[in-house]
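# Structure at a glance
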Amino acid sequence: MAYLPISLMMLWFCFLYFAFYTVHATSQWSGDLAKWPGGRSTRFYDFKIQTKSVKKLCNSNQIVVVNDMYPGPVVYAQEGDRIIVQVTNESPYNATIHWHGVRQILSCWFDGPSYITQCPIQPGQKFTYEFTMVKQRGTFFWHAHFSWLRATVHGALIVYPKTGVPYPFQFPYEEHIIILGEYWNQDIVQLERQVLASGGGPPPADAFTINGHPGPNYNCSANDFYKIDVVPGKTYLLRLIHAAINMENFFTIANHKLTIVEADAEYTQPLVTDRVMLGPGQTINVLVTADQPVGKYSMAMGPYMSAQGVPFQNISAVGYFQYLGAVTNSLPSPAPLPRFNNNLAVQTIMSGLKGLNTSNVPKEIDTNLFVTIGLNVNKCRSKTPQQNCQGPNSGTFAASMNNFSFVKPTVSVLEAYYKGIEGYYTEDFPGAPLKFYDFVNGAPNNAPRDTNAGNGTRTRVIEYGSRVQMIFQNTGTVSTENHPIHLHGYSFYVVGFGNGNYNPQTVQFNLVDPPYMNTIGVPVGGWAAIRFVADNPGVWFMHCHLDVHQSWGLGTAIIVKNGKGHLETLPHPPADLPRC
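Residues numbered from 1 in each chain as written. Predicted model: local features only at pLDDT ≥ 70, side-chain atom pairs only at ≥ 80, totals over all residues. Heavy atoms only, no water.

### Quick notes on the packing of aromatic side chains
On inspection of all chains with the given rule, the structure shows 30 aromatic pairs. Arranged with centres 4.8 Å apart and planes meeting at 55°, the rings of Phe47 and Trp142 form a pair that is tilted. With Phe47 in strand E1 (residues 42–56) and Trp142 in strand E7 (residues 138–144), the pair connects residues that are 95 residues apart, well separated along the chain. Seen from the ring of Tyr320, Lys296 lies directly overhead, with NZ or CZ sitting 4.4 Å from the centre. (Phe/Tyr/Trp six-rings, centres within 6.5 Å; stacked < 30°, edge-to-face > 60°. Helix = DSSP H or I, 4+ residues; strand = E, 2+ residues; numbered from the N terminus. Lys NZ or Arg CZ within 6 Å of the ring centre and 35° of its normal.)

Quick look at the structure:
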């Protein structure tokens, strides 16, 4: 056939794209589209989930990736843009994609957690995610939300401010994305199955990674490192994303200060520090000025392990912050990291973190929830206990909120809720634990006593527009530790946190400038308080972002009822919603 001139080809492409998008959008939604949150423009991406052969740590391995990339492709957008991502699952496993930190205003169907808002995309199937970045900009990320596929199925989602709107801090010379991760030499889906079958804990990762690179501290990795070339005197914005599975981590750069200017895609007041700690699901933007003598400086990622007696990877991942003009083969300046259990280093950063735009902090509360979080050890019920009951005291590990372990149903909770299908979930998640006691130090069900948790698909229903306060209380049933709790569909103000048991008589909340986040590390042996307004209808997963804890049941689902009118009502499901 004859080829069209370039200009005509572009016009024809634009016509086809417009026709596709118009038909596709109108087939998904009903009602008055003029009132729908509209993007300034539409960004279209095509994701193919597939397997890839990689060689790391002296081993060849098949991993699941997106578009043959590890980490996956970056999704770029601008505040107000509509994002459309067609996902084709060419892997042998079920999969979904979650857009972490995106509030999904009136687009709950596209949030992505498997069996919560959708059934998984089965091998050979497709699903198209559509959502608008309503009043949001900053560093987000996307990741698989099925099994532990997030280990390799993840990537950055960078949303810039509207045209003409500057950053509220020094404009950087360059920006760089840094994704912190974990890497295993074995199949990650099989690993989760093995851990759950054993009843015991997970093995440590084979390596930590910075943008998929473990660095020279690991075997066969002398040249497998990530490097940033910097110009002396220039200031750089580093977008830090924590995509690891079961570990929290410190990050630092040798001899350089980090100035935090954003946390969880919300601006903060500048906070200068030597290092930061991120848990899975957290993002932090830092400014770094190349103000040291020309040289090669290590960027290091090391473990933060707040639980006692848990094995973990203790070899740091290392990359380089290298000045132009530095001798290539020169020895890098080492980057000192805090001790793995330095809780004070973590709490010092959190204490200093203040929000920048905090005029909407709820002062009055309509709904008050008190949620205990922690681990449990259930009694062994297997006929082969040596194989299946490898937890403490020959039991099986579990995890719970208010002593109930969440069980994912066989259809999505959102679909069952929307269609009124009974039998897949209940609405009786308790608003407080059934018994109050010394949660941190004197739990009456401390191991080796009865540590069993109940289980079920228990949800909590909240009225639209409610001003919600949640107190997360760490428990010492098995071991206290820092738990990164993530709430889908919302960001929230962290109005307080502290050590020990929460005491409403003595607590002093920060209602002036609290940070606005979507994932909060509940302190080891302590508590955290959050507030938000329930103004987004749908079913929203709330869970620990340590994946083994999520697999053990540390989560629940929050159902926010419809309000009044079209803009406060959950729309009907998309036509291509996957079936279980």
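Still to come is the rest of the account.
### Here's the deal with the confidence of the model for the protein chain
Of the residues in the protein chain, 92% reach a pLDDT of 70 or more, and the chain-wide mean stands at 92. Under a pLDDT of 50 for its full length, residues 1–38 has, in the predicted model, 38 contacts with residues more than four places off or in other chains. (pLDDT = per-residue confidence, 0-100. Contact = heavy atoms within 4.5 Å.)

### So, helix H3 (residues 343–352)
Inspection of H3 places Ala345, Val346, Gln347, Ile349 and Met350 among the buried residues, and these make up the whole buried set. The backbone nitrogen of Leu344 lies 3.3 Å from a side-chain oxygen of the residue at the head of H3, namely Asn342. (Buried < 20%, exposed > 50% of the residue type's maximum accessible area, 1.4 Å probe, protein only. Polar contact = N/O pair within 3.5 Å; in protein donor to acceptor, adjacent residues only side chain to side chain.)

### Considerations on the pattern of salt bridges
Scanning the entire structure with this criterion turns up 15 salt bridges. Residue Glu415 pairs with Arg579 through a salt bridge whose shortest N-O separation is 3.1 Å. Of this pair, Glu415 sits in helix H5 (residues 413–419) while Arg579 sits in the segment after strand E32 (555–560), and the two are 164 residues apart along the sequence. Residue Glu463 is joined to Lys561 by a salt bridge in which the shortest nitrogen-to-oxygen separation is 2.9 Å. Separated by 98 residues along the polypeptide, Glu463 in the loop between strand E24 (459–462) and strand E25 (467–474) and Lys561 in the segment after E32 bring together distant segments of the chain. A residue is classified by how much of its surface remains accessible, and Glu463, at 45% relative accessible area, is partly exposed. Each of the salt bridges in this network shares a partner with another, and the network as a whole consists of Glu415, Lys419 and Arg579. (Salt bridge = Lys/Arg side-chain N within 4 Å of Asp/Glu carboxyl O.)

### Brief notes about the UniProt feature "domain: Plastocyanin-like" (unreviewed entry) in the protein chain
The UniProt record annotates "domain: Plastocyanin-like" (unreviewed entry) at residues 49–162, 174–325 and 449–563. Each end of residues 49–162 is marked by a C-alpha atom, and these two atoms are 31 Å apart; helix forms 0% of the span and strand 46%. Helix makes up 7% of residues 174–325 and strand 48%, whereas the separation of the span's terminal C-alpha atoms amounts to 18 Å. (UniProt positions renumbered as here; feature names shortened; annotations may be inferred.)

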